Amino acid sequence: KQWYQRRVREAVVSTQSTGMFGYAKIVTGDDMSKREKFVMICWSGADVGLVKRGKMITLRQEVDEIFTQRAKVIEASDVADLSLESVKDQLIKAGGAAYGSSTS
């Protein structure tokens, strides 16, 4: 968890005026079942202009062709959207049924 948060923070701080794409493997599930889910992150910093955002749409099409296996695409411009808890919550919601922890 600390490694993920540190890497996200480093990447976001250095890219406020640019955009970037990321691909991450997140483990979700409960004590009965663990699943690896992949998420693609499209980041546009707060200082990214309209022209650069437009170019990112074209680049995203190319990235989509490379990273076809993913459970969720997260479009973010706020670092809070990229916290590990937020990403896991979004993956769980995108994944359908969530049965919670087992009590047996």
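All residue numbers refer to positions counted from 1 along the written sequence of the respective chain. In keeping with the model being predicted, local features are shown solely for residues with a pLDDT of at least 70 and side-chain atom pairs are shown and tallied solely at 80 or more, while totals for entire chains, interfaces and linings include all residues. Hydrogens and water are ignored here; the side-chain numbers use all heavy atoms of the structure.

Scanning the chain for helices and strands turns up three helices and three strands. Secondary structure follows DSSP: runs of H or I at least 4 residues long count as helices, runs of E at least 2 residues long count as strands, and numbering of each begins at the N terminus. What you see in the chain, going N to C, is helices and strands ordered as α-β-β-α-β-α. Accessibility here uses a 1.4 Å probe with only protein chains present; expressed as a share of the type maximum, an area under 20% marks a residue as buried, one over 50% as exposed, and anything in between as partly exposed. Every one of the 104 residues in the chain was classed for burial, and the buried ones make up 25%. When checking whether two residues touch, look at their non-hydrogen atoms; a contact exists if any pair is within 4.5 Å. Pairs at least 24 residues apart make up 60% of the contacts formed inside the chain by residues separated by at least 6 positions. Within the structure as shown, the chain displays about 7100 Å² of accessible surface, and the carbon and sulfur contribution to it stands at 53%. Using a 1.4 Å probe, the Shrake-Rupley method yields the accessible areas, and only the shown protein chains count as cover for residues.

Right, let's talk about the confidence of the model for the chain for a bit. One number per residue, pLDDT, summarises how confident the predictor is, and it ranges from 0 to 100. Summing up the model confidence of the chain, the mean pLDDT is 80 and the portion of residues at 70 or higher is 86%. Averaged pLDDT values over the elements of the chain bottom out at 72 in helix α1 (residues 2-13) and peak at 89 in strand β3 (residues 72-76).

Our next topic: the pairing of strand β1 (residues 19-29). Of the pairings in the sheet, the one linking β1 to strand β2 (residues 34-44) comprises 11 bridges and is antiparallel in character. Looking across to β2, one finds that Thr28 is bridged to Arg35. Adjacent in sequence and paired antiparallel, β1 and β2 are bridged by four residues. What makes two strands pair is DSSP finding at least two bridges between them.

Another aspect to go through is the environment of Cys42. Note on placement: Cys42 falls in strand β2. Sequence separation between Cys42 and Gly19 is 23 residues, and the spatial gap between their C-alpha atoms is 7.5 Å. Residues in contact with Cys42, not counting those within four places in the same chain, are Met20, Phe21, Arg60, Val73, Ile74, Glu75 and Ala76.

Okay, the sheet that holds β1 next. Taken together, the three strands give an open sheet; going across it, the order is β1-β2-β3, and neighbouring strands pair in mixed fashion. Two strands bound the open sheet, and with one partner strand each, they are β1 and β3. Strand-to-strand twist in this sheet, taken as the mean axis angle between neighbours without regard to direction, amounts to 25°. When β2 meets β3, the two strands line up parallel, connected through five bridges. The partner of Val39 across the bridge, within β3, is Lys72. In this analysis, axes come from line fits to C-alpha atoms, helices being fitted only over the stretch in contact, and the angle between any two N-to-C directions falls in the range 0 to 180 degrees. Sitting on the sheet, helix α2 (residues 50-66) is in contact with β1, β2 and β3, with an inclination near 150° to β2. This element, helix α3 (residues 84-94), spans β1, β2 and β3 of the sheet and lies at about 70° to β1.

Look at α2: 25 Å from first C-alpha to last across 17 residues, which is about the 24 Å you get at 1.5 Å a residue. Each residue is assigned a bend, namely the angle between axes fitted to the seven residues that terminate at it and the seven residues that start at it. Taken as a whole, α2 carries its principal kink of about 25° at Thr58. Here a helix's expected span is defined as the number of its residues, less one, multiplied by 1.5 Å.

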